[in-house]
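# Structural description and commentary
The lines below spell out each chain.
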Amino acid sequence: MLKLHIGNKNYSSWSMRPWVLMRQSGIHFDEVKVRFDSFAADSQFKKQMLSLSPVGKVPVLVDGDLAIWDSLAISEYLAERYPEKHLWPQHAAHRARARSLVAEMHSGFGALRSICPMNIEASLDKVGAQLWERHPELRADVRKLEALWLPQLQAAHGPMLFDQFSIADAFFAPACMRINSYGLPTSTLVTAYVQRICLLPSTQEWVQGALAENDFLPSQEPYRTQR
C-alpha cells in the first residue's frame with residue numbers, strides 16, 4: 001500500500017497537490033500526517049521527515065522501499081505507475097501544455113505563496129483586500145494565473161483545464177484555496193473554475209480534514225494572533 005506523508009491540511013499546500021490528485025483519481029493510499037511543530041533541525045517534524053528523505057519536507061510518497069519526495073516527482077511517478085488513470089491529458093499537445101502550466105506553478109508565483117499563505121480554516125477577505133491594494137506583485141501573480149487559465153477554460157469541453165481532471169488541476173488546487181480564502185478578485189470564468197475546484201469531492205474531503213484539525217500554528221498565520 002502506498003503511504004503519503006503530509007503536513008497540516010490547513011496550511012500545507014505542497015501536501016495538498018498529490019493528496020487531491022490521488023483521492024480524485026481513485027488511487028488508494030494510507031495517509032500519514034506529520035504535524036508542523038517547527039521547521040528547526042531538531043524539531044520532531046524535521047526528524048521524522050529526514051528519516052524519509054534528505055530534504056526533510058512534505059510531501060513524501062512511500063512505495064515499499066522507495067521514497068519519492070517533491071509534489072511534481074510524486075505526480076510523475078503516479079502517472080507512470082497508473083497509466084490507466086490518465087493523470088496527464090491523453091492528447092500530446094494538451095499534455096505538453098499541461099506540463100508547462102504545472103512547471104510554472106511548481107517554480108513560480110512566489111508573491112502569491114508568501115503574501116497569501118494557504119489557510120483553509122480562515123476567512124480573510126478583509127486581509128486579502130488590504131494585501132491586494134498594497135502589493136502589486138500579488139496582483140501580477142493573479143493576472144498571470146488568469147493568463148494561464150483563461151485560454152484553457154475557453155477551449156475546454158469539460159469542467160477542468162483540460163476537459164477532465166488532471167495533474168494540472170491538482171497543482172492549482174492550493175492557488176484556488178488562496179483565492180477563495182483571501183477573496184482575491186478574478187474574472188467570471190476563472191472564479192467559476194476556482195469554485196469547481198473547491199467543490200471537487202477530493203478537495204471537499206481535504207477541507208473537512210483541515211477544519212477538523214483545530215491546530216492553530218502562529219508561525220503559519222502572520223495575520224492572526226489567535227483563531
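See above for the structure.
Now for a look at the structure at hand.

To continue, consider the sheet that holds strand β1 (residues 2-6). The strand order across the open sheet formed by four strands is β2-β1-β3-β4, and the pairing between neighbours is mixed. In this open sheet, the two edge strands, each paired with only one partner strand, are β2 (29-33) and β4 (66-69). Strand-to-strand, the axes of this sheet are offset by a mean angle of 20 degrees, without reference to chain direction. Here β1 pairs with β2 via five bridges, running parallel. Considered in β2, the bridge of Ile6 is made with Lys33. Sitting on the sheet, helix α1 (residues 13-25) touches β1, β2 and β3 (60-63), and the angle it makes with β1 is about 145 degrees. Here helix α3 (residues 71-81) sits on the sheet in contact with β1, β3 and β4, set at roughly 125 degrees to β4.

Residues Val127, Gly128, Leu131 and Trp132 constitute the buried set of helix α6 (residues 125-134). Buried residues along α6 cover an arc of 135 degrees about the axis, so they all sit on one side. Away from the buried face of α6 by more than 90 degrees, exposed residues Lys126, Glu133 and Arg134 are located. In the core, the buried residues of α6 are packed alongside α5 (110-115), α7 (136-155) and α8 (167-182).

Another point: the packing of α7 against helix α9 (residues 188-198). Contact geometry of α7 with α9 gives a least axis separation of 10 Å together with a crossing angle of 85 degrees. In this view, α7 runs roughly perpendicular relative to α9, as classed from their interaxial angle. Together, Glu146, Trp149, Leu150, Leu153 and Gln154 of α7 and Leu189, Val190, Tyr193, Val194 and Arg196 of α9 make up the contact between the two elements. The residue makeup of the contact of α7 with α9, split by class, is seven nonpolar, one polar and two charged.

Attention now moves to the packing of aromatic side chains. The full count for this structure, using the stated rule, is eight aromatic pairs. Aromatic pair Trp149 and Tyr193: ring centres 5.1 Å apart, planes at 70 degrees, arrangement edge-to-face. Residue Trp149 is located in helix α7, and its partner Tyr193 is located in helix α9; the two are separated by 44 residues in the primary sequence. Of the two residues, Trp149 and Tyr193, both sit in the buried class. Site record: aromatic cluster; members linked through ring pairs are Trp19, Phe29 and Trp206. The ring of Phe109 is capped by Lys144, whose NZ or CZ atom sits 5.0 Å from the centre of that ring.

Before going further, it helps to spend a moment on the state of the cysteines. Throughout the structure, instances matching the rule amount to zero disulfides. Cys176 provides the cysteine sulfur closest to Cys116, a residue in no disulfide bond, and the two sulfurs are 14 Å apart. With no disulfide partner, Cys198 has as its closest neighbouring cysteine sulfur the one in Cys176, 5.9 Å distant. By relative accessible area, which is 8% here, Cys198 ends up buried.

Moving on, we come to the nonpolar core. The biggest cluster of nonpolar side chains holds 65 residues, and the ones touching the most others in it are Leu78, Trp149, Leu161, Phe172, Leu184 and Tyr193. Counting residues per element, this core draws most heavily on α8, which supplies 11 residues.

With that settled, consider the side chain of Asn119. Locating Asn119 in the fold gives a position in the loop between α5 and α6. A relative accessible area of 4% means that Asn119 is categorised as buried. At 3.1 Å, the side chain of Asn119 and the side chain of Asn10 are in polar contact. Excluding its chain neighbours within four sequence positions, the residues that come into contact with Asn119 are Asn10, Tyr11, Leu124, Ser181, Glu221 and Arg224.

For the rest of this paragraph, the subject is the packing of α6 against α7. Packing of α6 against α7 leaves a shortest axis separation of 5 Å and a crossing angle of 100 degrees. Overall, the two elements α6 and α7 adopt an arrangement that is roughly perpendicular. Taking contact as the criterion, the partners of Leu131, Trp132, Glu133 and Arg134 in α6 are, on α7, Pro136, Leu138, Arg139 and Val142. The residue inventory of the contact of α6 with α7, partitioned by class, reads five nonpolar, no polar and three charged.

Quick notes on the rules
Residues numbered from 1 in each chain as written. Predicted model: local features only at pLDDT ≥ 70, side-chain atom pairs only at ≥ 80, totals over all residues. Heavy atoms only, no water. Pairing = 2+ DSSP bridges. Helix = DSSP H or I, 4+ residues; strand = E, 2+ residues; numbered from the N terminus. Axes fitted to C-alpha atoms, helices over the stretch in contact; angles between N-to-C directions. Contact = heavy atoms within 4.5 Å. Buried < 20%, exposed > 50% of the residue type's maximum accessible area, 1.4 Å probe, protein only. Arc of directions from axis to C-beta. Parallel < 35°, antiparallel > 145°, perpendicular 65-115°, else oblique. Nonpolar A, V, L, I, M, F, W, Y, C, P; charged D, E, K, R; others polar. Phe/Tyr/Trp six-rings, centres within 6.5 Å; stacked < 30°, edge-to-face > 60°. Lys NZ or Arg CZ within 6 Å of the ring centre and 35° of its normal. Disulfide = S-S within 2.5 Å. Core = buried A, V, L, I, M, F, W, Y, C linked by side-chain atoms within 4.5 Å. Polar contact = N/O pair within 3.5 Å; in protein donor to acceptor, adjacent residues only side chain to side chain.

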